[in-house]
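Report on the structure
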Amino acid sequence: MKKMLIWVVALATLGSMAYANGNSETSSASQKSVTVNFSTAPNQGQYNFWDAIVQQFNAANIQVDGKTVQVKVQMMPETPSSEAGIQNALATNTAPALSTNINRGFASTLVASGRIYDLQDDQFFKDIITARNMESIIPGWQIDGKQYVIPIYANAMGYHWNSKALRELGFADRVPTTVDDIKTLLVNFEKLKDTRMKELGISHVFLRSELGRPELWWNRWYDFEMQYDAFSQGKSLVTGNKLTMDPQAAKQVFEFLGMFGDTIQMAEDTTAFEKTDVPYVVQITAPWDVSKYDAAGMKYGLDGDYIYGPPIVLKKGDTPYTFADAKGIVFYKGGNVTEEMHKGAIAFISWVYSQQRNAQTDLDWFKTTGMLPMRGDTTTNPILSEYIAGKQILQDQAKLIPNSIPAMANGSMSDILTALGENGLCAYILKTATLKPFTAPDATTYVQKAMEDMKAAGSLQ
């Protein structure tokens with residue numbers, strides 16, 4: 001992420017090509033219209049959703065300052081990455097007026113470049129937050145005390161449980177939710193490991209090969225940050241240029257994961273939970289996995305093949321905060337993006353998420369992409385709740401959205417999370433994975449080393 005602040009001249013032509021056609025047309029547009037270029041994620045499902053929306057908007061002939069706004073939609077270039085494509089477009093004056101696909105970490109890089117608008121004082125932004133009941137969510141998207149992103153969706157992380165295993169291990173009527181529940185499950189697994197578990201083909205409790213690989217820095221979002229958010233009750237890892245990670249909560253996460261000992265499967269097994277006989281009790285999961293389990297004929301529910309559960313909390317009554325793989329919309333400024341284009345972009349998004357349209361917009365988004373919208377009333381809004389009624393898997397996922405926390409607002413995120421793993425979490429787990437459950441050593445020195453390395457990697461205080 002840190003390197004993204006440098007404009008890479010060698011890539012400028014590549015990044016700008018995808019935007020060139022749309023921007024050349026803007027200059028020849030009629031005096032009575034303004035063309036707003038809009039980029040979506042390099043994903044066909046998301047493009048299809050926005051293309052349909054754009055067609056409806058353009059047909060509505062919305063006007064700003066006496067000119068009709070016409071939106072032109074295209075996918076971001078994804079070579080070498082969508083982030084590089086955006087930066088190259090900014091560098092070569094071929095940027096869109098707005099785009100989706102921006103997480104909080106990359107947004108902080110764009111903030112540092114001075115090329116995106118802050119939105120917190122704009123009435124249209126406030127109206128969207130109110131319309132989507134996001135008042136409790138939006139504080140988590142601040143960057144240096146300001147708001148730059150309109151969150152669109154969140155893939156809230158949780159656990160994917162083998163229902164057959166849960167029924168045998170004392171959890172036939174509920175998923176484990178507390179550390180004490182996990183301790184009970186591990187004790188029962190050890191008792192039944194060579195008998196009933198073996199009969200069912202279950203060899204390990206936890207499938208998580210990524211815990212041994214620090215170079216897969218983005219996986220720290222899921223295995224570390226998800227549990228850190230729950231154990232710390234929503235405390236930040238990094239605030240501005242300061243490491244604010246709670247060392248006690250971090251230690252609790254290290255030792256919680258270490259508690260599994262040799263019941264963690266460290267070998268990769270990507271199709272394990274699509275098999276008739278699943279060899280593991282639990283793995284970390286996200287909403288985007290649902291389609292492949294449906295395709296494999298897996299039945300959802302405690303009485304079926306698998307069920308989703310929230311992050312584990314320290315004690316009953318704690319809020320199950322979790323990590324959200326979440327992205328949203330930003331508005332670009334400077335260069336080729338004129339004030340007229342910016343006003344047109346605001347008109348477009350205001351129309352998309354108006355009081356009258358926002359719930360239907362988010363329902364259409366979910367139907368098209370399979371990803372839940374980032375809003376505070378997914379389970380209670382009449383339009384949305386009617387759709388998910390009777391679909392337990394959607395209800396279980398939606399419950400996590402209001403307590404989901406996006407990526408840190410720091411351009412050095414990849415370096416910081418790599419450092420967290422190298423001599424910290426991953427080193428600790430590679431040691432504890434050779435031990436019996438409940439025999440993991442004190443993690444204090446590993447946490448201290450991780451924090452030292454994180455500060456150095458991110459130039460943090």
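The paragraphs below set out a description of the structure included in this document.

**Some remarks on the nonpolar core**
- Counting 147 residues, the largest nonpolar core has W50, F331 and F348 as the members making the most contacts within it.
- With near-sequence residues (within four places) excluded, F348 lies in contact with F38, W50, I53, V54, F57, V71 and L98.

**Some details on the packing of helix α9 (residues 220–232) against helix α16 (residues 413–432)**
- At a minimum axis separation of 11 Å, α9 and α16 run at an interaxial angle of 75 degrees. With respect to α16, the axis of α9 lies roughly perpendicular. Listed contacts from α16 to R220, W221, D223, F224 and E225 of α9 are M413, L417, L420, L425 and C426.
- By residue class, the composition of the contact of α9 with α16 is seven nonpolar, no polar and three charged.

**Here we look at the environment of P310**
- The residue P310 is located in the loop between β12 (306–309) and β13 (322–331) in this model.
- C-alpha separation for the pair P310 and A84, spaced 226 residues apart in sequence, amounts to 34 Å.
- Discounting chain neighbours no more than four positions away, the residues touching P310 are Y159, V175, T177, P320 and L400.

**Brief notes about the pattern of salt bridges**
- With the rule as written, the count across this model stands at 24 salt bridges.
- D223 is the partner of R208 in a salt bridge, and the nearest nitrogen-oxygen pair spans 3.1 Å. Here D223 lies in helix α9 and R208 lies in the loop between β7 (204–207) and α9, a separation of 15 residues in the sequence. Exposure class is identical for R208 and D223. Each is buried.
- Among the ionic pairs, R213 bridges to E215, the shortest N-O distance being 2.7 Å.
- Within the structure, one salt-bridge network assembled from shared partners comprises R132, D362, R375 and D377.

**Some points on helix α17 (residues 444–458)**
- In a regular helix each residue adds 1.5 Å, so 15 residues correspond to 21 Å; α17 covers 21 Å between its end C-alpha atoms and thus fits that length.
- Regarding α17, the residues found buried are Y446, V447, A450, M451, D453, M454, A457 and G458.
- S459 sits one or two positions beyond α17 and adopts a positive phi of about 50 degrees.

**A look at the side chain of T178**
- Take T178: it is sitting in the loop between α6 (163–168) and α7 (179–192).
- Once you skip the residues sitting within four places of it in the chain, T178 turns out to touch I312, V313, K315 and K316.

**Things to note about the environment of N155**
- Turning to its location among the elements, N155 is positioned in strand β5 (residues 150–156).
- It is 8.7 Å that separates the C-alpha atoms of N155 and S404, two residues lying 249 residues apart in sequence.
- In contact with N155, not counting residues within four places along its chain, are P287, W288, F323, A324, D325 and M371.

**Quick look at the packing of aromatic side chains**
- Under the defined criterion, the tally for this structure stands at 28 aromatic pairs.
- Ring centres 6.4 Å apart and planes at 70 degrees place the aromatic pair Y159 and F206 in the edge-to-face group. On the criterion of sequence distance, the pair formed by Y159 in strand β6 (residues 158–162) and F206 in strand β7 is long-range, its members being 47 residues apart. The residues Y159 and F206 share a single accessibility class, namely buried.
- On the numbers, 6.0 Å between centres and 70 degrees between planes, the contact of W221 with Y222 is edge-to-face.
- Overall, the relative accessible area of 9% leaves W221 in the buried class.
- Note on Y222: relative accessible area 9%, which makes it buried.

**Describing the environment of E225**
- Note that E225 resides in helix α9.
- The class of E225 is buried, set by a relative accessible area of 4%.
- Between the alpha carbons of E225 and T322 there is a distance of 7.4 Å; along the sequence they are 97 residues apart.
- With residues up to four places along the chain from it excluded, the contact list for E225 reads R220, L237, F323 and L417.

**Some points on the pairing of strand β1 (residues 33–40)**
- Within β1, eight of the eight residues are buried, which leaves it mostly tucked inside the rest of the structure.
- Residues S33, T35, N37 and S39 of β1 are buried on one face, and the alternating residues V34, V36, F38 and T40, pointing to the opposite face, are buried as well.
- Relative to strand β4 (residues 98–102), β1 runs parallel, the two sharing two bridges. Residue pairing in the sheet places S39 in a bridge with S99 of β4.

**Some remarks on the sheet that holds strand β11 (residues 280–285)**
- The mixed open sheet is built from five strands, whose spatial order is β10-β7-β11-β6-β12. Edge positions in the sheet fall to β10 (264–265) and β12, since each of these pairs with one other strand and no more.
- Of the strand pairs in this sheet, β7 and β11 are connected by three bridges, and their pairing is parallel. From the neighbouring strand, F206 faces β11, where its bridge partner is V282.

**What to know about unusual backbone geometry**
- Of note in this structure, N61 is not a glycine but carries a positive phi near 55 degrees.
- One can find N61 in the loop between α2 (44–60) and β2 (63–64).
- The phi angle at D144 is positive, at roughly 55 degrees, despite the residue not being glycine.
- Here D144 lies in the loop between α5 (123–131) and β5.

Rules behind the numbers
Residues numbered from 1 in each chain as written. Predicted model: local features only at pLDDT ≥ 70, side-chain atom pairs only at ≥ 80, totals over all residues. Heavy atoms only, no water. Core = buried A, V, L, I, M, F, W, Y, C linked by side-chain atoms within 4.5 Å. Buried < 20%, exposed > 50% of the residue type's maximum accessible area, 1.4 Å probe, protein only. Contact = heavy atoms within 4.5 Å. Axes fitted to C-alpha atoms, helices over the stretch in contact; angles between N-to-C directions. Helix = DSSP H or I, 4+ residues; strand = E, 2+ residues; numbered from the N terminus. Parallel < 35°, antiparallel > 145°, perpendicular 65-115°, else oblique. Nonpolar A, V, L, I, M, F, W, Y, C, P; charged D, E, K, R; others polar. Salt bridge = Lys/Arg side-chain N within 4 Å of Asp/Glu carboxyl O. Expected span 1.5 Å × (residues − 1). Phe/Tyr/Trp six-rings, centres within 6.5 Å; stacked < 30°, edge-to-face > 60°. Pairing = 2+ DSSP bridges.

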